[in-house]
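A look at the structure
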Amino acid sequence: MLKSAIEEQVRMGYPKKAIVEQLRMRYPKGTRVELLKMNDLQAPPIGTKGTVIGVDDIGSIMVDWDNGSGLHVLYGVDRCRKVE
C-alpha cells in the first residue's frame, strides 16, 4: 500500500480490518523486532529490541521490550522492524 494511502487511513481513524490482519500475519506472536521510531516521551531508546506479544484491533503492535517497557508500536505513528 502506498504511504499516502496509509496516512489517509490514519487521518480518518483506525486502520481497516484487512490492514490489521496483514500486520498480524507480518508480526505474529514471538516475532523479534527492533524499535526504529516511537513518538512518546517514555519510549525505549531507538534500537531497543523486543518480542511481539500480539497485534491489537487498532493495529498497534504489542511488544515486550527487552528493557522492560510495554509501550505499543502505534500503527501509522511509530516504526519497528523484524530482526532475526
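Structure first, text after, so check above.
Below is a summary of the structure that appears in this document. These numbers were taken from a predicted model, which means no experiment stands behind them.

Cut-offs used in this document
As a convention, each chain's residues are numbered from 1 in the sequence order in which they are written. pLDDT decides what is reported in this predicted model: residues at 70 or higher carry local features, side-chain atom pairs at 80 or more are listed and counted, and totals for whole chains, interfaces and linings draw on all residues regardless. As a rule here, side-chain values come from all non-hydrogen atoms in the structure, and water together with hydrogens is ignored. Think of a salt bridge as a Lys or Arg side-chain nitrogen and an Asp or Glu carboxyl oxygen that are within 4 Å of each other. Only DSSP runs of H or I reaching four residues or more are called helices, and only runs of E reaching two or more are called strands; each is numbered from the N terminus. The term polar contact refers here to a pair of N or O atoms within 3.5 Å; inside protein, the definition further demands a hydrogen-donor-capable atom paired with an acceptor-capable atom, and it admits residues adjacent in sequence only when both atoms are side-chain atoms. Here, residues are in contact when the closest pair of their heavy atoms is within 4.5 Å. At least two DSSP bridges between two strands are needed for those strands to be called paired. Axes here refer to lines fitted to C-alpha atoms; in helices the fit is confined to the stretch in contact. Angles between the N-to-C directions go from 0 to 180 degrees. To form a nonpolar core, buried Ala, Val, Leu, Ile, Met, Phe, Trp, Tyr and Cys residues must be joined to one another through side-chain atoms within 4.5 Å. The classification of residues rests on relative accessible area computed with a 1.4 Å probe and restricted to protein chains. Under 20% of the type maximum is buried, over 50% is exposed, and intermediate values are partly exposed.

Right, let's talk about the pattern of salt bridges for a bit. Per the counting criterion, the structure on display carries 4 salt bridges. Residue Arg24 pairs with Glu21 through a salt bridge whose shortest N-O separation is 3.0 Å. With a gap of 3 residues between them, Arg24 and Glu21 both fall in helix H2 (residues 17-26), about one helical turn apart. One salt bridge in this structure joins Glu34 and Arg81, with 2.7 Å as the shortest N-O distance. A residue pair is termed long-range when its members are at least 10 positions apart, and Glu34 in strand S1 (residues 32-37) and Arg81 in strand S4 (residues 79-82) qualify at 47 residues.

A separate point is the side chain of Thr48. Positionally, Thr48 belongs in the loop between S1 and strand S2 (49-55). A polar side-chain atom of Thr48 sits 2.6 Å from the main-chain carbonyl oxygen of Pro45. Contact partners of Thr48, with chain neighbours within four places excluded, come to Val33, Glu34, Leu35, Trp65 and Asn67.

Time to look at the sheet that holds S2. Each strand in a sheet pairs with its neighbour through backbone hydrogen bonds, running either in the same direction (parallel) or in the opposite one (antiparallel). Pairing is antiparallel across the open sheet formed by 4 strands, whose spatial order is S3-S2-S1-S4. Looking along the sheet, the strands with just one partner apiece sit at the ends: strand S3 (61-65) and S4. Each neighbouring strand pair of the sheet contributes to a mean axis angle of 50 degrees, computed without reference to strand direction. As paired strands, S1 and S4 are joined by 4 bridges and run antiparallel to one another. What sits directly across from Glu34, in S4, is Arg81.

Attention now moves to the nonpolar core. In terms of nonpolar packing, the biggest core is built from 15 residues, with Tyr27, Val33, Ile61, Trp65 and Val73 touching the most fellow members. Of all the secondary-structure elements, those providing two or more residues to this core are H2, S1, S2 and S3. Excluding residues within four positions of it along the chain, Val33 makes contact with Tyr27, Thr48, Lys49, Gly50, Val52, Val63, Trp65, Cys80, Arg81, Lys82 and Val83.

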